[in-house]
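Below, each chain spelled out in residue letters.
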Amino acid sequence: MALGLAAGAIAAVTYWAMIVLQGAIWGTLPDTRWVILPVMVAGGAAIGLTRLMAAGPDLEAQIAQARDPQAIHRREAIWIALGAICAVAFGGVIGPEAGILAVTAQLSSIVSLRLARTAASRRMLAEACISGALAGFYGSPAGGPVHAEPRDTVPKPVLLVAGLAGFVGFVVVAETLMQGAIAMMRLPRFTAESTVWDALTACFAGAAGAAAGAVFLVFRSRVSAVLSRSVASRFWQPVAGGAAAGLLCTLAPILLFSGHNEIGEMLRLGAEHGPGLLVLLGIGKALVCAVCVASHWQGGVIFPMCFAGAAAGAAVLFLLPWLDPVLGVAAGMSAAAAVGMARPLVAGAIMLFTVGGGLAVPVFVGTLVGWYSLRILPTALSETH
């Protein structure tokens, strides 16, 4: 419990540092789209410099490494954390999970190596730390434990207690450092009554969201293959990714950042301009996120996938006018997150808490559609990093 609480608090401090740096960069620049490209190229260069010092793994590999405190090299973890903080601060279309994990992995390494006498105890303490950090950031006391340990080798009650403590620590510290921080990072919260018929028709919105998640997986695989063939340098890969992402975000600035703060604006634009724009924004978000991830702008994908899935689900609503829009958007977000993360159970646990229990039915429908979509997609897509 103590370690989970500390991990949640440290996650909040790390997130606060990312937001402060992000504000320092973008808040001092002119409010024009033409600054996006040079800023993202500069961000790619900053990330490239950290990758010359330590080439960090993707998020899932980072979680796997953090489970073994003896395998953590503190100098490398520092560079990974700096690179992930730069990725968020310079407008990367990714979430801050990688930087938060890199910092909290240091905590778990120091504490578990000092206190634990066996490998099993070290693993348990390390995963308690991961659980607390992720539960706090995701705003989901269940999502952190599920993401931290998929194989049930650590007792779930231990991780649940750590996750709940981490959630509390994150909320308290984040709100202390920056009032309104929790509201700023939450997805829009809605509630709606759903019938059996609504649940069935929500499958169509879920299918659209799953398609957005599949687009991300395909683009990520293609971009990664192109970069590995054409740009071998650790430094130039994130620079190239920053240039490509910067060009796309210049065309549509709403695609910048992780996306959870822009969902409301995206839905407003869709209501004004119709489903065509929503489809373009959903595909665009999936493409820019794929470019960032494939070019080693380290971070998570759940919030960009929520944006893409919400756009896809909302576009389908124009064909299903009888479906409550809230149900369709929730199902689309959940399905896209399940496919994009390739972890349906984790995505469902996170979405249930972040969008609110009033939308449990469409969240379940979307997660189920995402799970089935992953089963029929080529396995290589979800395993490509």
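Conventions used here
Residues numbered from 1 in each chain as written. Predicted model: local features only at pLDDT ≥ 70, side-chain atom pairs only at ≥ 80, totals over all residues. Heavy atoms only, no water. Axes fitted to C-alpha atoms, helices over the stretch in contact; angles between N-to-C directions. Helix = DSSP H or I, 4+ residues; strand = E, 2+ residues; numbered from the N terminus. Parallel < 35°, antiparallel > 145°, perpendicular 65-115°, else oblique. Left-handed = near helix turned anticlockwise from the far one by under 90°. Contact = heavy atoms within 4.5 Å. Nonpolar A, V, L, I, M, F, W, Y, C, P; charged D, E, K, R; others polar. Buried < 20%, exposed > 50% of the residue type's maximum accessible area, 1.4 Å probe, protein only. pLDDT = per-residue confidence, 0-100. Expected span 1.5 Å × (residues − 1). Salt bridge = Lys/Arg side-chain N within 4 Å of Asp/Glu carboxyl O.

### Brief notes about the packing of helix 11 (residues 236-251) against helix 13 (residues 275-294)
At a minimum axis distance of 8 Å, the contact between helix 11 and helix 13 shows a crossing angle of 165 degrees. One finds that helix 11 runs roughly antiparallel with respect to helix 13. You can see that helix 11 and helix 13 cross each other, and the crossing is left-handed. Side by side, helix 11 and helix 13 meet where Gly241, Ala244, Ala245, Leu248 and Cys249 of the first sit next to Leu287, Val288, Val291 and Cys292 of the second. Tallied by class, residues from the contact of helix 11 with helix 13 come to eight nonpolar, one polar and no charged.

### Considering the environment of Phe303
Within the secondary structure, Phe303 is located in helix 14 (residues 302-317). Given the relative accessible area of 2%, Phe303 is considered buried. Here the alpha-carbon distance between Phe303 and Pro96, two residues 207 residues apart in the chain, equals 9.9 Å.

### Observations concerning unusual backbone geometry
Positive phi, close to 65 degrees, is recorded for Phe257, a residue that is not glycine. Secondary-structure assignment places Phe257 in the loop between helix 11 and helix 12 (263-273). In this structure, His296 takes a positive phi of about 70 degrees despite not being glycine. The topology assignment puts His296 in the loop between helix 13 and helix 14.

### Let's talk about the confidence of the model for the chain
Per-residue confidence for the chain averages 83 on the pLDDT scale, and 86% of its residues sit at or above 70. Model confidence for the chain, summarised as mean pLDDT per element, is weakest for helix 9 (residues 181-185) at 56 and strongest for helix 11 at 95.

### Re the packing of helix 16 (residues 344-354) against helix 17 (residues 360-376)
Across the interface, helix 16 lies against helix 17 with an axial gap of 9 Å and an inter-helix angle of 165 degrees. Classified by the angle their axes make, helix 16 and helix 17 are roughly antiparallel. As for how helix 16 packs across helix 17, the hand of that crossing is right-handed. Contacts between helix 16 and helix 17 involve Pro344, Gly348, Met351 and Leu352 from the former and Ala360, Val363, Thr367, Trp371 and Leu374 from the latter. When grouped by side-chain class, the residues that make up the contact of helix 16 with helix 17 number seven nonpolar, two polar and no charged.

### Points about helix 13
In this model helix 13 runs 28 Å from its N-terminal to its C-terminal C-alpha over 20 residues, within 8% of the 28 Å that 1.5 Å per residue would give. At the exit of helix 13 stands His296, carrying a positive phi of roughly 70 degrees.

### A word on the environment of Pro238
Within the fold, Pro238 resides in helix 11. The exposure class of Pro238 is buried, given its relative accessible area of 0%. The sequence separation of Pro238 and Met40 amounts to 198 residues, and the corresponding C-alpha distance is 9.6 Å. Apart from residues lying up to four places away in sequence, Pro238 is in contact with Gly44, Ile47, Gly48, Arg51, Ser295 and Trp297.

### Details of the pattern of salt bridges
Two side chains carrying opposite charge are able to pair once their charged atoms lie near each other. In total, this model carries two salt bridges according to the counting rule given. For Arg268, the salt bridge identified is with Glu265, shortest N-O distance 2.5 Å. With Arg268 and Glu265 both in helix 12 and three residues apart, the pair spans about one turn of that helix. Residue class for Arg268 comes out partly exposed when judged on its relative accessible area of 37%. Note that Arg268 and Glu272 form a salt bridge whose closest N and O atoms lie 2.5 Å from each other. Within this pair, Arg268 and its partner Glu272 are both found in helix 12, separated by four residues, close to a single helical turn. Three or more residues are tied together by salt bridges with common partners; here these are Glu265, Arg268 and Glu272.

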